[in-house]
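Structural features, examined
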2 protein chains.
Amino acid sequence: MLIYCAIRYYGKILVFIKVGAFLQFMASSLDVKKLNNKQLEELASDIREQIVQTVSKNGGHLSANLGMVDSTIALHKVFDFAKDKLIFDVGHQCYTHKILSGRNDDFKTIRLDDGLSGFPDINESVYDAFSVGHAGTSISAGLGYCTARDKLNEDYTVVCVVGDGSFSNGLNLEAIVSSNNKPKNFIVILNDNGMSISKNKNGFYRMLSKSTTKRGYVGSKKLIRRIFGNSFVTKGLAKFRDFIKRVINKSDYFESFGFKYVGVVDGNDIKDMVTILERVKFVAKEKAVLLHIKTKKGKGLKEAEERADAYHGVGVDFKVDNGNFALSLGEKLNSLIEKDNRIVAITAGMASGTGLSLVEEKNPKNFIDVGIAEEYAVTLASGMALGGLKPVVAIYSTFLQRAYDQILHDVCNQNLPIVFCIDRAGLVGQDGKTHQGVFDISYLSHLPNIKVLAPNTTDELGDFIEYALSLNSPVAIRYPKNSKIEQELIRLNENTLWSVVKKGDKVNILAVGPNMLNIAKECADSFDGVGVISVRSIKPMCEKTLESIKDSAIVVLEENSEIGGFGSMVSTYYANKNQNVRLKIMGVKDKFIRHGLIDTQMKDNDLSKESLEKEISKYLI
Amino acid sequence: MLIYCAIRYYGKILVFIKVGAFLQFMASSLDVKKLNNKQLEELASDIREQIVQTVSKNGGHLSANLGMVDSTIALHKVFDFAKDKLIFDVGHQCYTHKILSGRNDDFKTIRLDDGLSGFPDINESVYDAFSVGHAGTSISAGLGYCTARDKLNEDYTVVCVVGDGSFSNGLNLEAIVSSNNKPKNFIVILNDNGMSISKNKNGFYRMLSKSTTKRGYVGSKKLIRRIFGNSFVTKGLAKFRDFIKRVINKSDYFESFGFKYVGVVDGNDIKDMVTILERVKFVAKEKAVLLHIKTKKGKGLKEAEERADAYHGVGVDFKVDNGNFALSLGEKLNSLIEKDNRIVAITAGMASGTGLSLVEEKNPKNFIDVGIAEEYAVTLASGMALGGLKPVVAIYSTFLQRAYDQILHDVCNQNLPIVFCIDRAGLVGQDGKTHQGVFDISYLSHLPNIKVLAPNTTDELGDFIEYALSLNSPVAIRYPKNSKIEQELIRLNENTLWSVVKKGDKVNILAVGPNMLNIAKECADSFDGVGVISVRSIKPMCEKTLESIKDSAIVVLEENSEIGGFGSMVSTYYANKNQNVRLKIMGVKDKFIRHGLIDTQMKDNDLSKESLEKEISKYLI
């Protein structure tokens, strides 16, 4: 880590101290403008240290943020983001921006309860132009801002920063091809840091990279001279246009979509970036610019530079925990693939997090990572299923939202045998509002033909996958990152949809998922007459069990919106049977859930043990 | 119409009779292979007649189908779609394919109760490789088939047919850029019929059309000679590759994505199409091909050729009815724009159907049609709202499914003032399974911050839009095509969410939307003690009214899935209040609803007056 390096090299510590002191005065974006090149570089070094130290304490996105330090400083030097709009794609690379826009003092609280968000949030700062967490939104959002600005005769520049991984997401592509005449004062910065998930296969990446591979990488200093010369302004824009056409590759492609293409620039060279951005800002007054930069993920931290993937998103002390369900999924699929080669695991840029990297290692021919393209992943799976394969699609709950229509229109309408493995279901903690997996029961359960399952242990996950693969229809299996429930397997079939952990004569808790089951079990231990039922199948429900508990009070406990969730299905069931039951639905409240500890989020949603005890007590009076 | 022309020109009648007789033997795809060029052209003429006659009786998609007759015949001549896969994008251009694949006799039943579907359906025929109705799915589905085929060592060609309007949909774009190396025996036919909604603005369209505008349109006969020469096979593939590179524009672009580009070919010239397709089929053995054809929408029917838009989708006797809500929306928005220029109406290729064409005519600067790109429409609106505009997004219920994540992540999470006008909500009739608007209450109601409204009259729609625009948060307004409810306006505010039409002391019907309200009113007239409440606001609910009727039996009547719909919210409300009510939820059943008359669909889902009477009677005993 930088800080350790600093201890080793005395000379460097001085720099750190000096800059560290300096950074304290970085209250707002405007201050950066006063710094000279040397000071900007010192600032970058200081910010890197701060990011590394903070992430080691709070966890967070490391590699992407370290890579974007220099370019973000250059952006703040050239633009005024109190007025100009800086829109990040995904948003996990915004730390430097937060530090430079009045949030330096609070930066140590990032991702913590009541602290700064790890993503841009319009409610946190006027400097955050767009709240984000999912990929693909920036260019559309930027064009929306431009439309408003031009209609209201306002005057600001809109800058979108998009990584190469999300550049080729369908939503960004729709925005790019939407017109051949993009608005003025609109700049898209394509941050090419080699994260395009399957970079050697992605066509877009290949097309873009031709400019560097074919003609040799153009050092940014040289590029500036070649593009702009020394008397750019006096020579005038017309000559510049002719000139740029000769030196820039692929300008033709982006010309079709209304962009002036400029690149490739070294995004880790602040001085060059400042010069380029000043010129680009000027050029953009006449025509939208696509600025193609290259940055090094993890820049400044040796370990992160070398293993950018591993340091992409980390926990405290840079530990990576992808959860025991993910590990189990990868292993289970590998063992199933040995027996049936038709099983193919598909993900959308989440190979490590979903555990599919294990399949990639052991059975690369039964593994597909489409990059950040959830919609394509699902419709591709539909074609594969029709062609005779058995696709298993592993995507986080929050990101699968993007493929809602594909699940409905392509999978369920055709009743195709596709298994969805939905990790990070329920409350996810520090990633916050844009990442919570608290809608999947609501967006999946009303789809005809689908089954929705919720395993409580890794053994159950494995068994449910086998069960799902034995069917000839779509199955969604949703689970959180980790389970603390002890293994005990009752194999799933149509007669064992739910598992009665303990029958209660006064109250029965219907618990969905391991976190809820844990709370329910603890609670049932404290009270006589309180039973616990593990709801392993959300759809279909176990009607037999519902009938058997209807005379007791029933509490539904689920990590999903209380609207359209499992509880609403239970209440609908009894209503339509004309059965008056005493029913309490405890789910996630109808609001977006901030980042913070999962425990805090549980408490805020009355999903803690204490809240459950309180509800149950009412029935025990 | 062709048939009228035929009456005018005696000579042509003979041809019709001859071919008409001939068509009777067209039992399967194989028969086409026996025909010579002249016979193929006669067949085309005959099929056109049949399409025109059938659509004039049953309604349906006219222009697109007439345009694709010749190319589809050529496809059946060259390929064997019992084995090869023909995948249509959107699917509204599949009539000729149905006629040629064993469904000629049944073609007269298309779109009718128990008749053929107007779209491809895997359950209808082995010749339908992919059930479809939404845009953008074909290339992903095709790549899925190829993946399966190659993994299972099978041998067939996959052909996708995509109109230029849906070619640039995000899902197709994701599939195109997904790799730089597309599978062999994979052919994408880009059917360029000038339907790219904003064709003069769309960047993709411009890029593609350069080949015709810059170098002059290359007649297909000439093209064949230029591309293939007379001794193509002997000259070998290598030479062909070099040759094609010289004569084809834009090949570079598609090369990046692993396609050999061939075009532009006249898709209405069967003979040329057959020759080209034979060669393309051969070339595809080495490398995937993107075949760019041009066809004339409405080809063969003068009126449809001249007004392809008006004849795109028609009713019986070619009448176009976009519904009274659409008309009202367009007029209302125009009047509101006069007072507030910040209101901008956005649609995604549905200007006529949503009524926004009226805004386009009168206030073109307050109108945006993004083409078939629902996701982009919604995120664009998010940026516009943040920039100070008041976007009104008008998209059909079924197509808005595509933007579920954008509504959640970009609109609701930022709590932006965007109004969604959702036409074609509820059962839609003849377009069938892929077009039913029976999920929107389920996919919208669980989103935090959104309000979901359901007007019953055009006056209410207008009032609700005003109300929605006065708020500073997202509002979804959902309604079917037409309302038969008499105007009577109680202006919407937080105290008048629901309107009590008639209070019942024994039963109260909570009716959502005009169709349900109609049935409820008729029913209430027949029984004493049965009340009717017009549920104008699905979210939030009127708790005051819910409290006031809790002692009567309550029947919820909604044109939405019974899972996650309004009824489930009502049952959850009472459950959580610990109030035991007698509640019956009557919604759309948990299955996909076939095409046919809306009345039939209502009956099949027990949403008819008779079903309601039956349920109510139970409570009146």
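This section reports on the structure supplied with the text. The residue numbers shown here count from 1 along each chain, following its written sequence. Throughout, the order in which chains and ligands are written sets their labels, letters from A for the former and numbers from 1 for the latter. The predicted nature of this model means local features are confined to residues of pLDDT at least 70 and side-chain atom pairs, given and counted, to a pLDDT of 80 or more, with totals for whole chains, interfaces and linings taken over all residues. To get the side-chain values, all heavy atoms of the structure are used, and hydrogens and water are removed first.

**Remarks on the packing of aromatic side chains**
Two rings from Phe, Tyr or Trp (for Trp, the six-membered ring) form a pair when their centres sit within 6.5 Å of each other. Planes less than 30 degrees apart are called stacked, planes more than 60 degrees apart edge-to-face, and all others tilted. According to the stated counting rule, one finds 31 aromatic pairs over all chains in the structure shown. Here the aromatic rings of F186 of chain A and F259 of chain A are separated by 6.0 Å at their centres, their planes lie at 35°, and the arrangement is tilted. Of this pair, F186 of chain A sits in strand β4 (residues 186-192) while F259 of chain A sits in the loop between α13 (251-256) and β5 (260-266), and the two are 73 residues apart along the sequence. The burial state of F186 of chain A is the same as that of F259 of chain A; both residues are buried. Pairing F254 of chain B with Y261 of chain B gives two aromatic rings, centres 5.6 Å apart and planes at 10°, and the pair type is stacked. What links up through ring pairs into an aromatic cluster is the set F167, F186, F254, F259 and Y261 of chain A. Only when the NZ atom of a Lys or the CZ atom of an Arg is both within 6 Å of the ring centre and within 35 degrees of the ring normal do we say a charge sits over the ring. The ring of Y156 of chain A is capped by K85 of chain A, whose NZ or CZ atom sits 4.8 Å from the centre of that ring. Runs of E in the DSSP output that reach at least two residues are strands. Runs of H or I that reach at least four are helices, and both are numbered from the N terminus. The rule is simple: take the accessible area with a 1.4 Å probe, protein chains only, and divide by the maximum for that residue type; under 20% is buried, over 50% is exposed, in between is partly exposed.

**Overview of the relation of the copies chain A and chain B**
Residues reaching a pLDDT of at least 70 in both copies supply the C-alpha atoms on which the copies are superposed by least squares. Rotating chain A by 180° and translating it 0.0 Å along the rotation axis places it on chain B, where the RMSD comes to 0.0 Å. Classification of the inter-copy transformation places it as that of a two-fold axis. Any two residues whose heavy atoms approach within 4.5 Å at even a single point are treated as in contact. Looking at the interface residues of chain A, 100% of them are also at the interface in chain B, so both copies use one shared face.

**Some points on the environment of F119 of chain B**
Residues and elements named next belong to chain B. Along the polypeptide, F119 turns up in the loop between α6 (95-103) and α7 (138-151). For F119 and F88, which are 31 residues apart along the polypeptide, the C-alpha to C-alpha distance reads 9.1 Å. Apart from residues no more than four positions distant in its own chain, F119 is found in contact with H61, V90, G91, H92, C94, K98, V132, G133, D431 and H435.

**So, the sheet that holds strand β3 (residues 158-163) of chain A**
All names here are of chain A. One open sheet holds the five strands; their spatial order is β2-β3-β4-β6-β5, and the pairing between them is parallel. Edge positions in the open sheet fall to β2 (85-88) and β5, since each of these has one partner strand only. Averaged over all pairs of adjacent strands, the angle between their axes in this sheet comes to 20°, without regard to strand direction. A pair of strands is treated as paired once DSSP finds two or more bridges between them. Note: β2 against β3, four bridges, orientation parallel. Bridged to L86 within β3 is V159. A fitted line through C-alpha atoms represents every axis, and for helices the fit uses only the stretch in contact; the resulting angles, taken between N-to-C directions, go from 0 to 180 degrees.

**Structural notes on the sheet that holds strand β15 (residues 507-511) of chain B**
Residue and element names in this part refer to chain B. Here we have five strands laid out as an open sheet, ordered β14-β16-β15-β18-β19, and mixed in their pairing. The open sheet has two edge strands with one neighbour each: β14 (498-502) and β19 (583-588). Here the average twist between neighbouring strands, direction ignored, is 20°. Pairing of strand β18 (residues 553-561) with β19, which is carried by five bridges, proceeds in the parallel orientation. Each bridged residue has a counterpart across the sheet, and for S561 the counterpart in β19 is V588. Together, β14, β15, β16 (530-535), β18 and β19 form the strand contacts of helix α26 (residues 566-576), whose direction differs from that of β18 by roughly 145°.

**Some remarks on the side chain of T572 of chain A**
With respect to the secondary-structure elements, T572 of chain A resides in helix α26 (residues 566-576). Residue T572 of chain A is classed as buried on the basis of its relative accessible area, which comes to 10%. When sequence neighbours within four positions are dropped, the list of residues in contact with T572 of chain A reads E562, S568, S571 and I585 of chain B.

**What to know about the pattern of salt bridges**
Each reported salt bridge corresponds to a side-chain nitrogen of Lys or Arg within 4 Å of a carboxyl oxygen of Asp or Glu. All chains considered together, the criterion is met by 52 salt bridges over all chains. Across the pair R402 of chain B and D405 of chain A runs a salt bridge whose closest N-O atoms are separated by 2.8 Å. With R402 of chain B in the loop between α20 (397-400) and α21 (404-412) and D405 of chain A in helix α21 (residues 404-412), this residue pair bridges two chains. The buried category is assigned to D405 of chain A, whose relative accessible area is 1%. Among the ionic pairs, K539 of chain B bridges to D590 of chain A, the shortest N-O distance being 3.0 Å. Separated into two different chains, K539 of chain B in strand β17 (residues 537-539) and D590 of chain A in the loop between β19 (583-588) and α27 (598-604) make up a pair that spans both. Several salt bridges share partner residues, and in doing so they unite K98, R103, E124 and D128 of chain A into one network.

**Here's the deal with the pairing of strand β13 (residues 475-478) of chain A**
All names here are of chain A. Residues V475 and I477 of β13 are buried on one face, and the alternating residues A476 and R478, pointing to the opposite face, are buried as well. Here four bridges tie strand β11 (residues 419-422) to β13, and the two strands are oriented parallel to one another. Looking at β13, one finds that C421 is bridged to I477. A crossover counts as right-handed when, viewed with the strands pointing away from the observer, the path leading from the first strand over the helix to the second turns clockwise. Running through helix α23 (residues 458-470), the crossover from strand β12 (residues 451-453) to the neighbouring parallel element β13 is right-handed.

**With respect to the packing of helix α5 (residues 63-78) of chain B against α6 of chain B**
Residue and element names in this part refer to chain B. Relative to each other, α5 and α6 sit at 40°, their axes nearing to 8 Å. Here α5 is positioned oblique relative to α6, judged by the angle of their axes. Contacts between α5 and α6 involve N65, V69, T72, I73 and H76 on the former and, on the latter, Y95, T96, H97, L100 and S101. For the contact of α5 with α6, the residue count by class is four nonpolar, six polar and no charged. Orientation is classified from the angle alone, with under 35 degrees giving roughly parallel, over 145 giving roughly antiparallel, 65 to 115 giving roughly perpendicular, and any other angle giving oblique. Each residue is assigned to one of three groups, with Ala, Val, Leu, Ile, Met, Phe, Trp, Tyr, Cys and Pro labelled nonpolar, Asp, Glu, Lys and Arg labelled charged, and all others, Gly among them, labelled polar.

**A short note on the interface of chain A and chain B**
Note on interface size: it is often stated as the accessible area lost on association of the parts. With 107 residues of chain A at the interface, the matching set in chain B holds 107 residues. The term buried area refers to how much accessible surface (probe radius 1.4 Å) is lost by two components on association, counted for both of them together. Summing the contributions of chain A and of chain B, the shared interface buries around 8600 Å²; its carbon and sulfur component is 59%. If you look at where chain A meets chain B, you find four salt bridges. The term polar contact refers here to a pair of N or O atoms within 3.5 Å; inside protein, the definition further demands a hydrogen-donor-capable atom paired with an acceptor-capable atom, and it admits residues adjacent in sequence only when both atoms are side-chain atoms. At the boundary of chain A with chain B, the tally comes to 25 residue pairs in polar contact (both at pLDDT 80 or more). By residue number, the principal contributor to the side of chain A that touches chain B is helix α19 (residues 374-386) of chain A, which donates nine residues. Across the side of chain A that touches chain B, the residue classes break down as 42 nonpolar, 43 polar and 22 charged.

**Re the environment of N560 of chain A**
All names here are of chain A. The residue N560 is located in strand β18 (residues 553-561) in this model. Sequence separation of N560 and I441 is 119 residues, and the distance between their C-alpha atoms is 6.5 Å. Once residues lying within four places of it in the same chain are set aside, the contact partners of N560 are V438, F439, D440, I441, S442, R478, G565, G587 and V588.

**Focus on the environment of Y145 of chain A**
Here Y145 of chain A is to be found in helix α7 (residues 138-151). Counting along the chain gives 405 residues from Y145 of chain A to K550 of chain A, while the straight-line C-alpha distance between them is 54 Å. Once residues lying within four places of it in the same chain are set aside, the contact partners of Y145 of chain A are K85, I87, A129, Y156 and V158 of chain A together with G383, M384, L386 and G387 of chain B. At 2.7 Å, the side chain of Y145 of chain A forms a polar contact with the backbone oxygen of A129 of chain A.

**Some points on the pairing of strand β8 (residues 343-347) of chain A**
Residue and element names in this part refer to chain A. Of all the five residues making up β8, five are buried; the element is thus mostly covered by neighbouring parts of the structure. Along β8, one buried face is formed by I343, A345 and T347 and the opposite face, lined by V344 and I346, is buried too. Note that β8 and strand β9 (residues 367-369) share three bridges and pair parallel. Residue pairing in the sheet places T347 in a bridge with D369 of β9.

**Concerning helix α28 (residues 609-620) of chain A**
Residues and elements named next belong to chain A. One less than the number of residues in a helix, times 1.5 Å, gives the span that helix is expected to have. Relative to the 16 Å expected for 12 residues at 1.5 Å per residue, α28 spans 16 Å between its end C-alpha atoms, a close match to the ideal helical length. Looking only at α28, the buried set comprises S611, L612, E615, I616 and Y619. Taken end-on, α28 shows its buried residues confined to a sector of 130°, consistent with a single buried face. As for α28, its buried residues are in contact with β15 (507-511), α24 (514-526), β16 (530-535), β18 and β19. To obtain the arc, one takes the directions from the helix axis to the C-beta atoms.

**Let's talk about unusual backbone geometry**
For the bond from K539 of chain A to P540 of chain A, the omega torsion is 5°, close enough to zero to count as cis. By the element assignment, P540 of chain A lies in the loop between β17 (537-539) and α25 (543-548). Omega for the bond connecting G263 of chain B with V264 of chain B falls within 30 degrees of zero, at 0°, which places this linkage in the cis form. Mapping V264 of chain B onto the fold places it in strand β5 (residues 260-266). The residue N185 of chain A is not glycine, and still its phi comes out positive at about 50°. Of note in the backbone geometry, N449 of chain B takes a positive phi value of approximately 80° without being a glycine. Position of N449 of chain B among the secondary structure elements: in the loop between α22 (440-445) and β12 (451-453).

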